[in-house]
Amino acid sequence: MRSKSLSRRKFIQTTGVVAAAVSLSPNLAYVKEAFDPKGMDTVPLGKTGVKIPRMIIGTGSRFMAAPEQEGLAILEQALNQGFYYWDTAASYGNQDEYSEQRLGKILKDRRQEVFLATKVGEREADAAKQTIETSLKRLQTDYIDLCQIHSISDEEDVRQLGDGVYRVLKDYQSQGVIRHLGFTGHSSAKAMKLAAELYAFDTMLIALNHQRAQENFEELPIPYAAQKGMGVLVMKVIRPRETVSGLDPKELIRYALSLKSVTSAVIGTDSLEVLKSNMALVKNFKALSEKRMQELHVELGPFYQNQHLPWMKADYRDGALLA
């Protein structure tokens, strides 16, 4: 491990008050970090004490479809322009490497410049612990800024988290290895709200622009999580254009960021051109008018009713290895 990457021992033994308080309040460790938005506007990530850009660099299947060298160039350029929040998961990858491995090639030299989020899909304690340890090795780091329980499926899934993966994450948090906890989900608005109710999560990452009958994602879990002081992150924001012709991806990003209570959006990036376009959008972002928001909501109607979306199916694996 290179000197710029904090060792686990050094992180836990950080000098002064930080050392004494890290297990009780991991947020204090951020006094040592060097997140630099390069003059770009940032927003608070709930009550974490961290400020983040309005766009998060998503490194799932879309990002991993890019050749390795272009992927590394995307990460370097994003960081150089102030987009320091990177989102990955233990399951993301392609036929050659995992997303975490690709990120690790940059992180080994620039770890303290990045707010790093990953995800663990396992629910059983031992399997979750093994996944986290594997993620640390792949990412070439000794700590994770935000570790999220991946793909909450239903209310039964939520109720069973406490005896397994959630307990493991809390243990790692007490050691300073994980700083903040979150969860993600695609299929059940009720389950997302319940997870925010039952556990001490810092963030929620929720799929946007779709809903099942009587489960309003924008109206149910998002405002609840925000009122609780959680950071509300959204994903799948440009996917409606895959089933509804004529939608502008830039408008869909603006729509997501204009929603009340939404903190930031995870955007999958597969080229430097897409990155450049998204950077310009975020740096010059202005919320859409209420009239335009209502118009877009109507335009998204066919997408809301689509029953064939892959991530709404029971066997969906978010960002899974490409075939």
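Compared with an ideal rise of 1.5 Å per residue, which puts 15 residues at 21 Å, helix 6 (residues 125–139) spans 21 Å between its outermost C-alpha atoms and is within 8% of the ideal. Those residues of helix 6 that sit buried are Ala125, Ala128, Thr131, Ile132, Ser135, Leu136, Arg138 and Leu139. In an axial view of helix 6, the angular spread of the buried residues amounts to 165°, which keeps them on one side of the axis. When the buried face of helix 6 is taken as reference, the exposed residues oriented beyond 90 degrees from it are Asp126, Gln130 and Lys137. The opening residue of helix 6 is Glu124, an N-cap whose side-chain oxygen sits 3.1 Å from the backbone nitrogen of Asp126. Backbone geometry just after helix 6 places Gln140 at a positive phi near 55°.

With that settled, the discussion passes to the packing of helix 11 (residues 249–258) against helix 13 (residues 290–299). The interhelical angle for the contact between helix 11 and helix 13, taken along N-to-C directions, is 115°, at an axis separation of 11 Å. Regarding helix 11 and helix 13, the two cross each other, and that crossing is left-handed. Residues Glu251, Tyr255 and Ser258 of helix 11 form the contact with helix 13, whose own contacting residues are Arg292, Met293, Leu296 and His297.

Okay, the pairing of strand 5 (residues 115–120) next. The buried fraction of strand 5 amounts to six of the six residues, a majority that puts the element mostly inside the structure. Of the two faces of strand 5, both are covered, the one formed by Phe115, Ala117 and Lys119 as well as the one formed by Leu116, Thr118 and Val120. Sheet topology places strand 4 (residues 85–87) next to strand 5; three bridges connect them, and they run parallel. Paired with Asp87 across the two strands is Ala117, which belongs to strand 5. Assessed by its sense of winding, the connection that carries the chain from strand 4 through helix 5 (residues 99–110) to strand 5 is right-handed. A crossover connection joins strand 5 to the parallel strand 6 (residues 144–152) through helix 6; in handedness this β-α-β unit is right-handed.

Take helix 8 (residues 165–175) next. Of all the residues in helix 8, the buried ones are Val165, Tyr166, Val168, Leu169, Tyr172 and Gln173. In a view along the axis of helix 8, the buried residues occupy a sector of 160°, so they form one face of it. At its buried positions, helix 8 is contacted by strand 5, helix 6, strand 6 and strand 7 (178–185).

Inspection of the secondary structure assignment puts Leu288 in the loop between helix 12 (272–283) and helix 13. Measuring from C-alpha to C-alpha, the distance between Leu288 and Tyr255 comes to 6.8 Å, with 33 residues separating the pair along the chain. With near-sequence residues (within four places) excluded, Leu288 lies in contact with Glu251, Arg254, Tyr255, Ser258, Met293 and Leu296.

Right, let's talk about the sheet that holds strand 3 (residues 55–58) for a bit. Around the barrel, eight strands lie side by side as 3-4-5-6-7-8-9-10; this closed barrel has parallel pairing. Between one strand axis and the next, the sheet turns by 30° as a mean value, whatever way the strands run. Here strand 7 runs beside strand 8 (residues 203–207); their pairing, made up of four bridges, is parallel. Of the residues in strand 8, the one forming a bridge with Gly182 is Thr203.

Two descriptors summarise a pair of aromatic rings, namely the distance from one centre to the other and the angle between the planes of the rings. With the rule as written, the count across this model stands at seven aromatic pairs. Aromatic side chains Phe35 and Tyr84 sit 5.2 Å apart centroid to centroid with 5° between the ring planes, which places their arrangement in the stacked category. Placement of the pair is Phe35 in the loop between helix 2 (16–21) and strand 1 (43–44) and Tyr84 in the loop between helix 4 (68–80) and strand 4, with a sequence separation of 49 residues. Classification of Tyr84 by relative accessible area gives buried; the value is 2%. Look at Tyr85 and Phe115: their rings are 4.7 Å apart centre to centre, the planes differ by 50°, and that puts the pair in the tilted class. In this pair, Tyr85 sits in strand 4 while Phe115 sits in strand 5, placing the two residues 30 residues apart along the sequence.

Calculation criteria
- Residues numbered from 1 in each chain as written.
- Predicted model: local features only at pLDDT ≥ 70, side-chain atom pairs only at ≥ 80, totals over all residues.
- Heavy atoms only, no water.
- Helix = DSSP H or I, 4+ residues; strand = E, 2+ residues; numbered from the N terminus.
- Expected span 1.5 Å × (residues − 1).
- Buried < 20%, exposed > 50% of the residue type's maximum accessible area, 1.4 Å probe, protein only.
- Arc of directions from axis to C-beta.
- Polar contact = N/O pair within 3.5 Å; in protein donor to acceptor, adjacent residues only side chain to side chain.
- Axes fitted to C-alpha atoms, helices over the stretch in contact; angles between N-to-C directions.
- Left-handed = near helix turned anticlockwise from the far one by under 90°.
- Contact = heavy atoms within 4.5 Å.
- Pairing = 2+ DSSP bridges.
- Right-handed = clockwise from strand over helix to strand, strands pointing away.
- Phe/Tyr/Trp six-rings, centres within 6.5 Å; stacked < 30°, edge-to-face > 60°.

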